[in-house]
Every structure is written in structure tokens, then in C-alpha cells.
Amino acid sequence: EYHFFRWSLSYYGRFLKVGLWKTKMAGNRQISSEDIQFFDVDLFCGKEKVEGFYAMNLPHRMKCVDLENSEFCLMNFDRNNPEYMFYYMKLRENIFNDDNADIVRCEEMHRSIVVNEKIKKALFEAGLKGLQFSNSIDITPKDRTIYEKI
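1. A closer look at the overall build of the protein chain
Inference 1: Scanning the protein chain from terminus to terminus reveals 2 helices and 15 strands.
Inference 2: A total of 150 residues make up the protein chain; the buried ones form 41% of that total.
Inference 3: Long-range contacts, defined as pairs at least 24 residues apart, comprise 56% of the intrachain contacts of the protein chain with a sequence gap of at least 6.
Inference 4: Accessible surface, the protein chain: about 9,800 Å² in total, of which carbon and sulfur atoms supply 48%.

2. With respect to the packing of aromatic side chains
A ring pair, where both rings are aromatic, is described by two values, the distance of the centres and the angle of the planes.
Inference 1: Enumeration according to the criterion identifies 4 aromatic pairs in this entry.
Inference 2: Counting every residue linked through ring pairs, the aromatic cluster contains Phe72, Tyr84 and Phe86.
Inference 3: Geometry around Tyr88 places Arg144 over its ring, the cationic atom sitting 3.9 Å from the centre.

3. Considerations on the sheet that holds strand S10 (residues 84–90)
Inference 1: In space, the 3 strands of this open sheet follow the order S9-S10-S14, with antiparallel pairing throughout. The strands lining the two open edges of the sheet, one partner per strand, are strand S9 (71–74) and strand S14 (136–138). Taken pair by pair, the neighbouring strands of this sheet meet at an average axis angle of 35°, ignoring direction.
Inference 2: Judged from the 4 bridges that link them, S9 and S10 form a sheet pairing that is antiparallel. From the neighbouring strand, Phe72 faces S10, where its bridge partner is Phe86.

4. Some remarks on helix H2 (residues 117–125)
Inference 1: Of all the residues in H2, the buried ones are Ile119, Lys120, Ala122 and Leu123. Burial along H2 is one-sided: seen end-on, the buried residues are contained in an arc of 160°. Exposed and facing more than 90 degrees away from the buried side of H2 are Lys121 and Glu125.
Inference 2: Capping the start of H2 is the job of one residue whose side-chain oxygen sits 3.2 Å from the backbone nitrogen of Lys118: Asn116.
Inference 3: Positive phi appears at Gly127, one or two residues downstream of H2, with a value of about 75°.

Each value, and the rule that gives it
Residues numbered from 1 in each chain as written. Predicted model: local features only at pLDDT ≥ 70, side-chain atom pairs only at ≥ 80, totals over all residues. Heavy atoms only, no water. Helix = DSSP H or I, 4+ residues; strand = E, 2+ residues; numbered from the N terminus. Buried < 20%, exposed > 50% of the residue type's maximum accessible area, 1.4 Å probe, protein only. Contact = heavy atoms within 4.5 Å. Areas by Shrake-Rupley, 256 points an atom, 1.4 Å probe, with all protein chains shown as cover. Phe/Tyr/Trp six-rings, centres within 6.5 Å; stacked < 30°, edge-to-face > 60°. Lys NZ or Arg CZ within 6 Å of the ring centre and 35° of its normal. Pairing = 2+ DSSP bridges. Axes fitted to C-alpha atoms, helices over the stretch in contact; angles between N-to-C directions. Arc of directions from axis to C-beta. Polar contact = N/O pair within 3.5 Å; in protein donor to acceptor, adjacent residues only side chain to side chain.

Put into C-alpha cells, the structure is as follows:
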């Protein structure tokens, strides 16, 4: 089973307060440094430095959306680099296999992160809060999103 992974707390533009996640997951051998990278960020509020913020880089991108079962509008006419506006976004089956990463950025929706069940379980076991997992996201009144929060 695969899940969209969304931050529901501690989001500041492109910088995430992932210090706790970085600390708790760093010792977790299930996540490879090839799958996720953290970089220190100097973040200031006025002249005061705010500690514990990191930029997170996911070097792997993958086609994740089941376009046949999703509802969307094509926003450009570039066949090589299509841009979508999704009304209902459903994940494909069998996104990851043994040769791929466990956590990726979704190619069709660049701001979405997709994780496998192993990563989801590790995040739950780490005791983190403010995360949301779903295999579909619906922004229509049909309310088809089913999600799990920690």
C-alpha cells in the first residue's frame, strides 16, 4: 500500500521544521540517505535566528498518479512536461518495487511526497505528529479523500 505524505503542521514555504523527524529517523536504517537528504537552514524572524529547521531534498521523482482514475485539467500543451490541476488524485498501484526508493516526489504533482508502507510505519513508530497519509486526495464536494493522521 502506498500513501501521499502531507505535512499538516510546521510548514514554512519550502522550509519544514523537520528537526525532530531528522533526529528520530537518522538512526533508522530503513531509510537510505540516497532516498532523502536534509540540509541545515539559517532561518531568521527579524534578527532572531530560529533553530531546528532543515530543508529536505528528495532526489527521486516517479510517476505516481493513476491518471485513468483521477480527475484533472491539463494546464499546458507540453507532452514532455505536462502540468496538471487535480480535482481528484488517486495513486497508481505498485508504484515502488525492490529496485526503487521508498520515498519520492510525485512527478505529476511536484509538491506531493509519496511513501511506501515501510516508511509510513517508521514515521508512526518514531512518534512524530502533524503528518497525514492518504492514497487519494479529493478537493471536490464528493469528499473521497480517506486519510490517516498522526
